There are 2 protein chains.
Amino acid sequence: MKKWYLGEGEQSDVVVSTRIRLARNLEDYPFPSRLDTKSRVQINEMIHKAVPEAAGLRYIEMKTLTQPEIVSLAERHMISPEFASDTDGRALLLSEDEDVSIMLCEEDHIRLQVMTSGLALSESYDKANKLDDALNETLRFAFDERLGYLTQCPTNIGTGMRASVMLHLPALTATHSIGTLAVTVSKLGLTLRGAYGEGTAPMGDLYQLSNQVTLGISEEAAIENLKTIVLQLAAQERAARQELIKSIECQDDIYRAYGILKSARILSTKEFMHLISKVRMGAVSGLLDVDPKHMSELMVTLQPAGISAKVGKNLAPRERDIERARIVRETI
Amino acid sequence: MKKWYLGEGEQSDVVVSTRIRLARNLEDYPFPSRLDTKSRVQINEMIHKAVPEAAGLRYIEMKTLTQPEIVSLAERHMISPEFASDTDGRALLLSEDEDVSIMLCEEDHIRLQVMTSGLALSESYDKANKLDDALNETLRFAFDERLGYLTQCPTNIGTGMRASVMLHLPALTATHSIGTLAVTVSKLGLTLRGAYGEGTAPMGDLYQLSNQVTLGISEEAAIENLKTIVLQLAAQERAARQELIKSIECQDDIYRAYGILKSARILSTKEFMHLISKVRMGAVSGLLDVDPKHMSELMVTLQPAGISAKVGKNLAPRERDIERARIVRETI
């Protein structure tokens, strides 16, 4: 039952996690948006049958889940917000570690996703690729010799692959460097944006860096390109941290965040993410004697619906904030 | 070397300390403001000789002290701010515990003061009275059969006694009850005001309650009157605390204050007093496992000049705030 986000992995002082997502569609079937519920369910079951037993994926009809369970899956990035918004004729294949998930009848018939903690682009791609090959043994994918995999949205046509890493960039955020970096990486075919909530100041200083180009480039080349930029960003973040952490004001900030997390009785999502970001930076910098693993775990599991799902009932915001504070105190 | 403020005493959940101050002047000598330096020094030495050896008072010429040492004495309420402002021809008699001090040539020739932790009006008065009697054996005080002791300021004529208690009233402050209470006690011949800094929100929720009337009332009656009101205020404060502390918002507030004090690297006087007040309330309410004694000690000793005096040099505000945070972390 060791979830993927409990691992550490490479570059984990900056890189929280790696995600590879493959979009596939079955030949001879319209895209899901053109299918009625019955046809979707048929397709879902067909794909389910094609999954090898050894993959250990659990088949979950989305309509059987409670609202907090569904939203919690989206918070943990197991499913997309779009997938969470409508359960009709949709199903999910999920591994016990939650590192592998396949959304059935999202925008495409198949959205296969592999998550790993730390920086693990090649490993994640290999894992996704093997599962893709296994499915391909019984299923026939919509594929064009010239274009590659066909997807509903033209931005995915080609490899159908989206590779992304979640980066923790508190120092580059503090030095107001993100805007410039976002412009720079966009010129290199990548997108940098807030992982939780869009806008200038994403919660927890967490960002998603992903490839944009899927056409005319191999999966390996796209991954290599992304990896190069990730390593550069990580080096910049580390340099900025080293500079910042010299100041007693920054140390004060980190220790206070730690003190509050260890003692507060009420913690809103926003304040929690703000504080845990500082503590994570303090932990990986060796300033605080806290296991950084716990920080990533809390960031992933203590989102609003995650807490309700954990408790097993829909909590009011105030109860949720009290429960969040309790879990944080007991974990840190 | 156990300072008075390390004790606890009665009603110490609300009453931090008790102070009795007696104003006396020598017969046949003008008030200090009318004396030159030489005459002041003569008077000081005369009074010094009159102090019995057993009292254990150290004689300190104010001009021999550094500025931080002088201001620190005022912060600990050993001397008045007025006395601290000018060292010319002034001396201090001080016990090792700092519970007894005699300002020489302040406004009056003698300002004898006894401090005790907690509520101890009668005990403090007895102690002051005994020392007063001892001085009176060799010194002749300016005394009028009809008026009583003569002092420079008419507001002290009569008993020459000011009895005051320092109260910690965080709950009555939070419920905005202080204004009304100040008006009520003034009708009973008492004054309620901030112990650190005048104004509506005194630092640390610390207040000084003292008698105003010295003429036409015995010392015993004045003390009895003050004691009655103190007990009533303490009861009101306790009731307000019990009500407040039920709410998780108040508990959250107290625990956070504790968490910040235990971890901050920079603490300004204002923030420190704000937080320690909450922690003291949490400690006496049993919410926090902290010795309330330490709270009173820190409140008394961590004022700006006190820190410079402790370190032994004049610190810049930033260095002082760093040093304060260090001492707080090590004490709590």
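Data block above holds the structure.
Quick notes on the rules
Residues numbered from 1 in each chain as written. Chains lettered and ligands numbered in written order. Predicted model: local features only at pLDDT ≥ 70, side-chain atom pairs only at ≥ 80, totals over all residues. Heavy atoms only, no water. Axes fitted to C-alpha atoms, helices over the stretch in contact; angles between N-to-C directions. Helix = DSSP H or I, 4+ residues; strand = E, 2+ residues; numbered from the N terminus. Parallel < 35°, antiparallel > 145°, perpendicular 65-115°, else oblique. Left-handed = near helix turned anticlockwise from the far one by under 90°. Contact = heavy atoms within 4.5 Å. Nonpolar A, V, L, I, M, F, W, Y, C, P; charged D, E, K, R; others polar. Pairing = 2+ DSSP bridges. Salt bridge = Lys/Arg side-chain N within 4 Å of Asp/Glu carboxyl O. Buried < 20%, exposed > 50% of the residue type's maximum accessible area, 1.4 Å probe, protein only. Patch = residues over 30% accessible without salt bridge, like charges linked within 9 Å, V, L, I, M, F, W, Y side chains within 5 Å. Areas by Shrake-Rupley, 256 points an atom, 1.4 Å probe, with all protein chains shown as cover. Lys, Arg positive; Asp, Glu negative; His and termini not counted. Charge placed at Lys NZ, Arg CZ, Asp CG, Glu CD. Buried area = accessible area lost by both parts, 1.4 Å probe. Polar contact = N/O pair within 3.5 Å; in protein donor to acceptor, adjacent residues only side chain to side chain.

A.B. asks: Would you mind going over the packing of helix 8 (residues 248–263) of chain B against helix 9 (residues 269–284) of chain B in detail, with residue names and values included?
C.D. replies: All names here are of chain B. Following both chains from N to C, one finds helix 8 and helix 9 inclined at 120 degrees, their axes separated by 8 Å at the closest point. Between helix 8 and helix 9, the angle is such that the two are oblique. Here helix 8 and helix 9 pass one another in a crossing that is left-handed. Together, Cys 250, Asp 253, Ile 254, Ala 257, Tyr 258, Ile 260 and Leu 261 of helix 8 and Glu 271, Phe 272, Leu 275, Ile 276, Lys 278, Val 279, Met 281 and Gly 282 of helix 9 make up the contact between the two elements. Considering only residue class, the contact of helix 8 with helix 9 consists of 11 nonpolar, one polar and three charged.

A.B. asks: Account for the sheet that holds strand 1 (residues 15–24) of chain A, with residues named and values stated.
C.D. replies: Residues and elements named next belong to chain A. Pairing in this open sheet of eight strands is antiparallel, and the strands run 2-3-4-5-1-8-10-9 from one edge to the other. Since the sheet does not close on itself, it has two edges, and those belong to strand 2 (57–61) and strand 9 (190–194), each with one partner. Neighbour-to-neighbour, the strand axes of this sheet turn through a mean angle of 20 degrees, independent of strand direction. Examined bridge by bridge, strand 8 (residues 161–168) and strand 10 (residues 206–211) share five bridges and lie antiparallel to one another.

A.B. asks: Tell me about the sheet that holds strand 3 (residues 91–95) of chain B, residues and numbers included.
C.D. replies: One key point about sheets: their strands pair by backbone hydrogen bonds, in either a parallel or an antiparallel sense. Residues and elements named next belong to chain B. Read across the sheet, eight strands follow the order 2-3-4-5-1-8-10-9 without closing on themselves; strand pairing throughout is antiparallel. Two strands lie at the open edges of the sheet, namely strand 2 (57–61) and strand 9 (190–194), each paired on one side alone. Ignoring strand direction, the axes of neighbouring strands in this sheet form an average angle of 20 degrees. Taken together, the four bridges between strand 3 and strand 4 (residues 100–104) define a ladder with antiparallel strand orientation. Looking across to strand 4, one finds that Ala 91 is bridged to Leu 104. Most of the contacts of helix 7 (residues 219–245) go to strand 8 (residues 161–168), to which it runs at about 10 degrees, and overall it touches strand 1 (15–24), strand 8, strand 9 and strand 10 (206–211).

A.B. asks: Tell me about the pattern of salt bridges, and name the residues and values.
C.D. replies: Summed over the entire model, instances satisfying the criterion amount to 41 salt bridges over all chains. With its nearest N and O atoms 2.7 Å apart, the salt bridge here joins Asp99(A) to Lys127(A). Taken together, the residues Asp99(A) in the loop between strand 3 (91–95) and strand 4 (100–104) and Lys127(A) in helix 4 (residues 121–138) connect sequence positions 28 residues apart. Here Asp99(A) falls in the buried class, since its relative accessible area comes to 11%. With a shortest N-O distance of 2.9 Å, Arg326(B) and Glu330(B) are connected by a salt bridge. With a gap of four residues between them, Arg326(B) and Glu330(B) both fall in helix 12 (residues 317–331), about one helical turn apart. Residue Arg326(B) is classed as partly exposed on the basis of its relative accessible area of 31%. Classification of Glu330(B) as exposed rests on a relative accessible area of 58%. Each of the salt bridges in this network shares a partner with another, and the network as a whole consists of Glu106(A), Glu107(A), Asp108(A) and Arg111(A).

A.B. asks: Lay out helix 11 (residues 304–311) of chain A with the relevant residues and their values.
C.D. replies: Residue and element names in this part refer to chain A. Every buried residue of helix 11 is listed here: Ala 305, Gly 306, Ile 307 and Ser 308. Next to the buried residues of helix 11 lie helix 2 (67–75), helix 10 (292–301) and helix 12 (317–331). A positive backbone phi angle near 90 degrees is found at Gly 312, which sits one or two residues after helix 11.

A.B. asks: Account for a negative patch on the surface, naming residues and giving values.
C.D. replies: Where like charges cluster on the molecular surface, the negative patch consists of Glu10(A), Glu123(A), Asp126(A) and Glu220(A). Summarising the element assignment, Glu220(A) is placed in helix 7 (residues 219–245).

A.B. asks: Provide a residue-level description of the interface of chain B and chain A, including the pertinent values.
C.D. replies: Across the contact, 15 residues belong to chain B and 15 residues belong to chain A. Broken down residue by residue, the surface that chain B buries against chain A is led by Ile248(B), Arg256(B) and Arg265(B), which jointly contribute 38%. Residues Arg318(B) and Glu249(A) are paired through a salt bridge, measuring 2.9 Å at the closest nitrogen-oxygen approach. For the interface between chain B and chain A, the tally reads 12 residue pairs in polar contact (both at pLDDT 80 or more). Residue assignment for the side of chain B that touches chain A shows that the elements contributing at least two residues are helix 8 and helix 12 of chain B. At eight residues, the largest contribution of residues to the side of chain B that touches chain A is made by helix 8 of chain B.

A.B. asks: Just give me the short version of the environment of Leu93(A), but keep the residues and values in it.
C.D. replies: Residue and element names in this part refer to chain A. Here Leu 93 shows up in strand 3. Sequence separation between Leu 93 and Leu 57 is 36 residues; the distance between their C-alpha atoms is 5.4 Å. Excluding its chain neighbours within four sequence positions, the residues that come into contact with Leu 93 are His 48, Val 51, Leu 57, Arg 58, Tyr 59, Val 100, Ser 101, Ile 102 and Leu 104.

A.B. asks: Explain unusual backbone geometry to me, and be specific about the residues and the numbers.
C.D. replies: With phi around 55 degrees, Asp205(A) is a residue other than glycine that occupies positive phi space. Following the sequence through the fold, Asp205(A) ends up in the loop between strand 9 and strand 10.

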